[in-house]
Amino acid sequence: MKIIILGVGQVGGTLAENLVGESNDITIIDTDTQLLEELQDKHDLRVVVGHGAHPDTLRRAGAEDADMLIAVTNSDETNMIACQIAYSLFNTPTKIARIRSEDYIRYKDRLFHNQDIPVDHIISPEQLVTKYIKRLVDYPGALQVMEFAGARASLVAVKAYYGGKLVGHAISTLREHIPNIDTRVAAIFRQGHAIRPTGTTVIEADDEVFFIADTRYIRTVMEELQKLENQYRRIMIVGGGNIGAGLAKQLQTDHRVKLIERSQARAEVLSQQLENTLVFCGDASDQKLLLEEHVEDTDVFIAVTNDDEANIMSAMLAKRMGARKTMVLIQRSAYVDLVQGGEIDIAISPQRATISALLTHIRKGDIVNVYSLRKGAAEAIEAIAHGDENTSKVVGKAVKDIKLPPGTTIGAVVRGNEVLIAHSETLLQSDDHVILFLVDKKYIGEVERLFQPSAMFF
């Protein structure tokens, strides 16, 4: 596939890295010559220096025969105009734009159509991060929560602790502990290295364990790996931007929410908008303020300002002062795995959330969800089985008979409202949602082709 990416920032650069090894023809546009050269030195891709919304720049990038334009610059307006130019002048089939402003998103259903602003898919990092944090709040103790098939199945990452019933035991004993709940341990990361789990694999304390199950039973399975935490009630949010305000709005009905915002003017606006949230103007790294607001009684302290260092320092201070859990937003992807653990319980990368959403729209075949795990080293993919036994390579076949690429496993199948943990004899049916785990991303193309019915090629 021939793809043009606008913007060589963290999202654009990371996206290019994800796609360049998958037999894609990638061209990336930016005005920063140095960043383009650095990216080109690392990867086999084309770079074009110029303004991404200018017709001549897009023409030099090969827009006349491009399959897809992905506009992820820091400017919503540049991204939208680039999609308009690609549609009007070059008839680019698929156009994706990163849109951050709530003013545009509010009217997305009326704005983003070919007859208006021709954007096929919009990606809103703030909304994605807000939704992601909300899921973590809903499942205390989880490090990562990924939903499939309309949230009927979930893939959850937790750290195994002493006190968890399965810790010190083989995975095969899970069936004895919870005989009425079917689940699958999909991956284990031990001391930073991936381990492919088998029935005889023994869960050790401090393992990071990924398991998949029916969403209704997530907390029951979590209890096998750690002492189950109480639901969060008291939430303190730092930062009143789009993420902080959106999160407070979603949480304030069922939680006691406090929000700290440095700007007096912004704090006054938020106090009017958030009826059930206590809004304070101040500096979250001010120890006196945290004492006055009883941070020691806080179940989870969530720092989501635009300043990585401020987020890290305020969360560390809150933890030392008695906050039960801390979550921080980290813009620099390199920091995420460095700071998570210890006083920072969960570090959240908006880039990773954005990349996963973008990959969902980029993948071919019937791929409807893509999540990157652990620095993007592995992916969890949701694919829909379409066709019949004559046109499909998977429909009507048992899992053991499907020719999966190396390092690829089928973890679960969602059929209607039923979540089936896949076993070797499980037969796939048309319209099944199939959840796969892929260790080596170079085989993604094979997975995509596997789920394309032959009728689609005529």
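Scoring rules and cut-offs
Residues numbered from 1 in each chain as written. Predicted model: local features only at pLDDT ≥ 70, side-chain atom pairs only at ≥ 80, totals over all residues. Heavy atoms only, no water. UniProt positions renumbered as here; feature names shortened; annotations may be inferred. Helix = DSSP H or I, 4+ residues; strand = E, 2+ residues; numbered from the N terminus. Salt bridge = Lys/Arg side-chain N within 4 Å of Asp/Glu carboxyl O. Core = buried A, V, L, I, M, F, W, Y, C linked by side-chain atoms within 4.5 Å. Buried < 20%, exposed > 50% of the residue type's maximum accessible area, 1.4 Å probe, protein only. Contact = heavy atoms within 4.5 Å. Pairing = 2+ DSSP bridges. Axes fitted to C-alpha atoms, helices over the stretch in contact; angles between N-to-C directions.

1. Digging into the UniProt feature "domain: RCK N-terminal" (unreviewed entry) in the protein
The UniProt record annotates "domain: RCK N-terminal" (unreviewed entry) at residues 1–123 and 232–348. Each end of residues 232–348 is marked by a C-alpha atom, and these two atoms are 18 Å apart; helix forms 39% of the span and strand 24%.

2. Description of the pattern of salt bridges
Evaluation of the coordinates by the stated rule reveals 22 salt bridges. A salt bridge links D299 to R324; the shortest N-O distance between them is 3.2 Å. With D299 in the loop between helix 12 (287–292) and strand 15 (300–303) and R324 in the loop between helix 13 (308–320) and strand 16 (325–329), the pair connects residues that are 25 residues apart, well separated along the chain. A cluster of three or more residues bridged by salt bridges with shared partners is formed by E229, D299, R324 and K325.

3. Brief notes about the nonpolar core
With 71 residues, the main nonpolar core has I133, L155 and M327 as its most contacted residues. Discounting residues that sit within four places of it in the chain, M327 has contacts with I133, L136, V137, Y232, V300, F301, I302, A303, I346 and I348. Listed in part, the 45 residues of the second largest apolar core include V20, L359, V394 and L438.

4. Concerning the sheet that holds strand 9 (residues 183–190)
The strand order across the open sheet formed by five strands is 7-8-11-9-10, and the pairing between neighbours is antiparallel. This sheet does not close on itself; its edge strands, each paired only once, are strand 7 (142–148) and strand 10 (193–195). Between one strand and the next, the sheet's axes are offset by a mean angle of 20°, whatever the strand orientation. Of the pairings in the sheet, the one linking strand 8 (residues 153–159) to strand 11 (residues 208–214) comprises seven bridges and is antiparallel in character. Following the sheet pairing, A153 is matched in strand 11 by D214.

5. Details of the sheet that holds strand 17 (residues 346–348)
The strands that make up a sheet are held in pairs by hydrogen bonds between backbone atoms, and each pair lies either parallel or antiparallel. Judged by pairing direction, the sheet is parallel, and its six strands sit side by side in the order 14-13-12-15-16-17 without closing on themselves. A single partner strand is all that each edge strand has here, and the edge strands are strand 14 (277–281) and strand 17. Mean inter-strand twist for the sheet, computed between neighbouring axes without regard to direction, equals 15°. Bridging between strand 12 (residues 234–238) and strand 13 (residues 256–261) involves five bridges; their strand directions are parallel.

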